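Structural description and commentary
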Protein chains: 2
Amino acid sequence: MKAPSSRAYSFRLALENLYRGVTLYRVHCLRNFSSFVARTNTCGELRSAHVGQKVTLYGWIQYQRQGLFLVLRDFQGLTQIIIPQDEARSHVKELLSSAPVESVVRVTGVVSLRPPGQENPKMPTGDIEVKVETAEVLNSCKKLPFEIKDFIKKSEALRMQYRYLDLRSFQLQYNLRLRSQIVMRMREYLCNLHGFVDVETPTLFKRTPGGAKEFLVPSREAGKFYSLPQSPQQFKQLLMVGGLDRYFQVARCYRDEGSRPDRQPEFTQIDIEMSFVDQNGIQRLIEGLLQYSWPEDRSPVTTPFPSMTYEEALADYGTDKPDTRFGMKIVDISDFSQRLGIHFVQNALSYPHGTVKAICIPQGMVSDIFTYSVRFMPDGSLKSLLTKFLGQEQQSELIQELKMQVDDVVLLAAGEHKRCSALGSLRLESADLLEAAGLVLRDPAVFHFLWVVDFPLFLPKEDNPTELESAHHPFTAPHPSDTSLLYSDPTKVRSQHYDLVLNGSEVGGGSIRIHNAELQRFVLEKVLKEDSEVLSHLLDALEFGAPPHGGIALGLDRLISLIVGAQSIRDVIAFPKSFRGRDLMGNAPDYVTAEELEPYHIQVSWPVAEAEAKKN
Amino acid sequence: MKAPSSRAYSFRLALENLYRGVTLYRVHCLRNFSSFVARTNTCGELRSAHVGQKVTLYGWIQYQRQGLFLVLRDFQGLTQIIIPQDEARSHVKELLSSAPVESVVRVTGVVSLRPPGQENPKMPTGDIEVKVETAEVLNSCKKLPFEIKDFIKKSEALRMQYRYLDLRSFQLQYNLRLRSQIVMRMREYLCNLHGFVDVETPTLFKRTPGGAKEFLVPSREAGKFYSLPQSPQQFKQLLMVGGLDRYFQVARCYRDEGSRPDRQPEFTQIDIEMSFVDQNGIQRLIEGLLQYSWPEDRSPVTTPFPSMTYEEALADYGTDKPDTRFGMKIVDISDFSQRLGIHFVQNALSYPHGTVKAICIPQGMVSDIFTYSVRFMPDGSLKSLLTKFLGQEQQSELIQELKMQVDDVVLLAAGEHKRCSALGSLRLESADLLEAAGLVLRDPAVFHFLWVVDFPLFLPKEDNPTELESAHHPFTAPHPSDTSLLYSDPTKVRSQHYDLVLNGSEVGGGSIRIHNAELQRFVLEKVLKEDSEVLSHLLDALEFGAPPHGGIALGLDRLISLIVGAQSIRDVIAFPKSFRGRDLMGNAPDYVTAEELEPYHIQVSWPVAEAEAKKN
């Protein structure tokens, strides 16, 4: 065993995808990957400078050819190993040439330069090879259900069942290691640079009002249940009341939504709360956090991030999480349309929120899909089912209003719409169609962060629009300019909530909280008509000198998946659940015996069909 | 709002207990506690070097006297604030002198030297005071259920109910901040120095064999339950099979033990696993980890830690977690006793494990409790109920055997004992008695780490001693020297398990794991007679080239509580549960409606008495 301090070399975390010849990620630091073990080096580390050294490597057999050489793989890379051909080492040859692919071996040998012309410039260790002297098969591998390198092509169910094999892939190794690195950098920023305290909060708590999506955990007291919270919201506010001043936690959260694509029943958020802070303070903190922890191999992010109000986002993009990597904004052409004198258009405009809106799709004519729209033809005319209603002058006016170019296509929508969500969806679908036709609108290497602010504090309930519910949660503070409206017209009150959007996905959200007990009670009881008893501990706490405070939570799984360009958050989680919430490797959830339920005073109510089946 | 980079001063995290005049903890670093907020300084920071500066502080009113001055407190310390007495600022005086204690205020003013003779050398800010110009009461505090400084004297139930007030105490601020610091240092050591990857593993999994203490979480599939695991054991081993090489996680774990003093239903462990490592490697890693993260204000730990076998620990200390801060080892005096020819002693010795053992309690005569024992009188004789059986020569022999000094007391035990747990308990109780009588045996400022190794792999089941169960868990590898015994006499097999003991408390445990599928199957099916089907995913995984691996888990709550000298782990957890597993602040667990249980296909089976009560 070697002392760790003596071997603190400068290493590189270089994960090489040999098949694509791409180096995915490098970070230079004083990191010793071989401390406390008997290897001298990792499989990604040897260079021509090591020639002549006797080394011991551990790894998996990636490939073996005719008893002549093999490629050994570990988390850091690949090394070519030359199998000895002399009689004296025939047992080593026998051992290594008969070991199945993916067996795990130890080899000891001498680093040599590859013969001239046989170097592999695509491989970081491509200048050298290791001439084996001794070897040991530490564990043999039985026949694989597939080859590791082809894994990505296999069905996701198969990959989830054999997750421990999928984890050996370069892509998952990269994703998980990058995730670890980013979180570590975030911790350094928060903890070491800005005095935040990492505080763990309970996950066995109780139902929050409206917490219909919370998992229940039966306790040993009959009829009483814990609940797995969706976030540490209450606890982080109580920590501020407790004078912790600056809190963060990489917090496990739970949400039972049944089957939802690309959602996980348990997920992780970077959870932050500060005392004496305003919206601007939180936003600058988060910008600094992301800039500090941003991976070196990604195009950098610039700060401050642009900001947009909720109203602007809906008006211009038809969504509260606009993808600002491309234009195609929604344009209100109600005035223009009014003047056209077309009956059905004017009819649509006569309603309370009646408008005519349009998006202009640059180069839209590359896709055949946009047939029933207004197209700007090379001859300078517009072509559309609507054209017959448009005079020459009106055509020019529309072209100017929408800044149309030749080959552009315009989509129009008329009706009673306030939020333009239909055009917002059309905008994204149009982008998909254009990209399918070969145009690049959204470069995956580009990162557009955006703050969306000034959300409404309350929204009409979907099932009963005469009642109000919190747009986010009942602890969100009203916008200072709108406080008086709270008592007269709560629907008009804007909140101090802010969302962080990255490339059209919501990656975070937070708010300045209510710190005044009276205001909090008014919101809960008078506006939301909720029973405040269940929150009495929080209301009490606000009365004991609660400081003004605010915070934010970043969705870590989503953020990392966007950074690495993963299709799904499942690709940045070591052991994800299927979209039905199942662990396909370990087969969870699973049946338990009635005996095991007894201490918790519960029994299963079998659905009729299943109960019948059990009887027969 | 100030740019954070421009204010990265060198600050001190100095938590001062003014009442005791003790500075508890300091760490010097580039840490900006005032970034992103409007304060210029914290309340612990101002010194004579700041005199003349205009500052803005936020904090709680700790104390206010006659409208003349007040003491403002935040997480970092206390500052004396001089209330203006001039007419022009009478509103400021009015505001500050009428605000109740524990109200939260902003003050802006100028730093001045205190008048000569009025400095307070016990207070880090004791050279200065702040002459207030403007002030604002941000939130008023209603009458407290107790004073913060007296809180420690209040009942624990009251403190738990008002946990957010208890958190304002210097002691809890210190404990939680130190915990955060230590964990951060551990992360730096593991992640940045030794290439460990922080991987999050699921907490919604399924029952493990023998997992009778696992909480259940009902799923939306009738009759199927998740389980909250007691540790990430299976996942960390699967990560090694997946080639992650070095894993760690600050892992939330769950254990439902009903009511147990000083246990929590959820707790945290530093969870570690490495590939290609042996016992020695893990031990050196952990020694380095603890040394690196050890707080500066505690007496340092020296490495390597001493090591002791399980057999030695039981023989010498009567426990597998010896407190080695003091002597009083158990001595086997069977041979000597045999020669005494006392009938009942010889009778005891005639049984298979019959022994006579003794501990010598130095200065034991300071306590009256040890009446019925052998005492070494100042006149050189022994005094005991046994003395009549001992001749002069035998007395001398016993004095020599046990190295007795005048005033020492010897406790004897004769019987069929292999583990000496009775004498082990007596040893600790004797230490309590001696300390109660004024002797210091166990200096709380001294830290004795100890490895205990060579545990048995299996133990007879308590309820059926003819069957075996794992001494720790079924994945523990046998000692290499004992592998063949596995097939002939499994009770004699030692394991590659190791425990880490600190001052007589177990603070960690781990092992080298079985990486061979065949051996793992043999242990599960043939030795433990368990159904291996439920672990089929792990057995499968071992067949696909699993590397040799091992790991450890440190109990973070216990470790931190020992470091800070807390009476209970509840003092190092922000929101602990009571010993009945209840959250006394938020009232969890709580009743839920039958409607809320419906999606989970469960119903409550009310105990008869409660069901009757509900009917009436």
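Residues numbered from 1 in each chain as written. Chains lettered and ligands numbered in written order. Predicted model: local features only at pLDDT ≥ 70, side-chain atom pairs only at ≥ 80, totals over all residues. Heavy atoms only, no water.

Selection criterion: UniProt positions are given in the numbering used here, feature names are shortened, and annotations may be inferred rather than shown by experiment.
Per an unreviewed UniProt entry, the recorded name for chain A is Aspartyl-tRNA synthetase 2, mitochondrial, and the organism is Dromaius novaehollandiae. Check the Sequence similarities (unreviewed entry) section of the UniProt entry for chain A; it says "Belongs to the class-II aminoacyl-tRNA synthetase family. Type 1 subfamily."

Examining the domain arrangement of chain A
Stated formally: Note that the domain bounds were set by an automatic or database domain assignment.
According to the domain assignment, chain A consists of domain 1 (4-143), domain 2 (172-305 + 448-572) and domain 3 (326-436). On a C-alpha basis, the centres of domain 1 of chain A and domain 2 of chain A stand 46 Å from each other.

Remarks on the pairing of strand β25 (residues 505-512) of chain B
Residue and element names in this part refer to chain B. Quick reminder of the rule: Whether a residue is buried, partly exposed or exposed follows from its accessible area with a 1.4 Å probe, protein chains only, as a fraction of its type maximum: under 20%, in between, or over 50%, in that order. Only DSSP runs of H or I reaching four residues or more are called helices, and only runs of E reaching two or more are called strands; each is numbered from the N terminus. DSSP-based pairing: two strands are paired if at least 2 bridges between them are found.
Counting buried positions along β25 yields seven of eight residues, so the element is predominantly enclosed. Here strand β24 (residues 497-502) pairs with β25 via six bridges, running antiparallel. Paired with Asp499 across the strands is Gly509, a residue of β25. Hairpin connection, β24 to β25: the antiparallel pair is bridged by two residues, and Asn503 has positive phi, about 50 degrees. Alignment of β25 against strand β26 (residues 549-555), held across five bridges, turns out to be antiparallel. Residue Ser511 lies in a different strand from β26, and its bridge partner there is Gly551.

Examining the pattern of salt bridges
Pairing is possible between side chains of opposite charge, provided their charged atoms come close. Heads up, the rule is: Basic side-chain nitrogens of Lys or Arg form a salt bridge, by our definition, when they fall within 4 Å of a carboxyl oxygen of Asp or Glu.
A complete count under the given rule lists 80 salt bridges over all chains for this structure. Salt-bridge contacts for B:Lys236 lead to B:Glu273; the nearest nitrogen and oxygen are separated by 3.5 Å. With B:Lys236 in helix α5 (residues 233-241) and B:Glu273 in strand β14 (residues 266-275), this pair connects stretches of sequence that are 37 residues apart. Judged by relative accessible area, B:Lys236 falls into the buried class, the value being 1%. The shortest N-O distance in the salt bridge between B:Arg494 and B:Asp482 comes to 2.8 Å. A residue pair is termed long-range when its members are at least 10 positions apart, and B:Arg494 in the loop between α12 (485-488) and β24 and B:Asp482 in the loop between β23 (468-470) and α12 qualify at 12 residues. In this structure, a network of salt bridges that share partners links the residues A:Arg179, A:Arg252, A:Glu266, A:Asp557, A:Lys577 and B:Glu200.

Some points on the packing of helix α4 (residues 170-193) of chain A against helix α4 (residues 170-193) of chain B
Heads up, the rule is: Lines fitted to C-alpha atoms define the axes, with helix axes restricted to the stretch in contact, and inter-axis angles between N-to-C directions lie between 0 and 180 degrees. Should the near helix be turned anticlockwise from the far one by less than a right angle, the crossing is termed left-handed; should it be turned clockwise, right-handed. Here a residue-residue contact requires only that any non-hydrogen atoms of the pair lie within 4.5 Å.
For the pair α4(A) and α4(B), the least separation of the axes is 11 Å and the interaxial angle reads 145 degrees. Crossing of α4(A) over α4(B) shows left-handed handedness. Facing α4(A), whose interface residues are A:Ser180, A:Met184, A:Arg187, A:Glu188, A:Cys191 and A:Asn192, α4(B) presents B:Ser180, B:Met184, B:Arg187, B:Glu188, B:Cys191 and B:Asn192.

Side note on the interface of chain A and chain B
What counts here: We define buried area as the total accessible area lost by two parts upon association, computed with a 1.4 Å probe and summed across both. Polar contacts, as used here, are pairs of N or O atoms within 3.5 Å; protein pairs need one atom able to donate a hydrogen and one able to accept it. Residues neighboring in sequence count only if both atoms are side-chain atoms.
With 135 residues of chain A in contact, the opposing surface of chain B contributes 135 residues. Between chain A and chain B, roughly 11900 Å² of surface is buried when both sides are summed, and carbon and sulfur atoms account for 58% of that area. When the buried area of chain A at its contact with chain B is split by residue, A:Phe36, A:Phe276 and A:Phe544 rank highest and sum to 7% of it. Connecting chain A to chain B are 14 salt bridges. The salt bridge partner of A:Arg252 is B:Glu200, with a shortest N-O separation of 3.6 Å. Scanning the region where chain A abuts chain B turns up 75 residue pairs in polar contact (both at pLDDT 80 or more).

Side note on the relation of the copies chain A and chain B
Heads up, the rule is: We superpose the copies by least squares over the C-alpha atoms of residues that have a pLDDT of at least 70 in both of them.
With an RMSD of 0.2 Å, the operation that places chain A on chain B is a rotation of 180 degrees combined with a shift of 0.0 Å along the axis. Classification of the inter-copy transformation places it as that of a two-fold axis. Interface overlap between copies: 100% of the residues of chain A at the interface are likewise at the interface in chain B, consistent with a symmetric, same-surface contact.

Brief notes about the packing of aromatic side chains
As a reminder, the rule being used: Centre distance within 6.5 Å is the pairing criterion for rings of Phe, Tyr and Trp, where only the six-membered ring of Trp is used; planes under 30 degrees apart are then read as stacked, over 60 as edge-to-face, and the remainder as tilted.
Per the counting criterion, the structure on display carries 38 aromatic pairs over all chains. Here A:Tyr63 and A:Phe69 contribute two aromatic rings whose centre-to-centre distance is 6.2 Å and whose plane-to-plane angle is 50 degrees, an arrangement assigned as tilted. Seen in terms of ring centroids, A:Tyr162 and B:Phe544 are 5.9 Å apart; in terms of plane orientation they differ by 90 degrees. Their pairing is edge-to-face. Taken together, the residues A:Tyr162 in the loop between α2 (156-161) and α3 (163-166) and B:Phe544 in the loop between α14 (536-542) and β26 connect one chain to another. Here the two residues A:Tyr162 and B:Phe544 agree in accessibility, since each one is buried.

With respect to unusual backbone geometry
Residues and elements named next belong to chain A. That bond from Ala588 to Pro589 is cis: its omega, -5 degrees, falls within 30 degrees of zero. Along the chain, the position of Pro589 falls in the loop between α15 (556-564) and β27 (590-591). In this structure, Gln66 takes a positive phi of about 50 degrees despite not being glycine. Here Gln66 shows up in the loop between β5 (54-65) and β6 (69-74).

Notes on the state of the cysteines
Rule in force here: Two cysteine sulfurs form what is called a disulfide whenever their separation falls within 2.5 Å.
The tally for this structure, following the rule as stated, stands at zero disulfides over all chains. Considering cysteine sulfurs only, B:Cys43 is the nearest to B:Cys141, which forms no disulfide, with 16 Å between them. Left without a disulfide partner, B:Cys253 is nearest to the cysteine sulfur of A:Cys253, which lies 17 Å away. The exposure class of B:Cys253 is buried, given its relative accessible area of 0%.

Quick word on helix α7 (residues 310-317) of chain B
All names here are of chain B. Here is the rule: It is the directions from the helix axis to the C-beta atoms that the arc portrays.
Listed as buried for α7 are Tyr310, Ala313, Leu314 and Tyr317. Burial along α7 is one-sided: seen end-on, the buried residues are contained in an arc of 105 degrees. Packing partners of the buried residues in α7 comprise β15 (307-309), β16 (330-332), α11 (421-436) and β21 (449-453). Just beyond α7, the residue with positive phi is Gly318, at close to 70 degrees.

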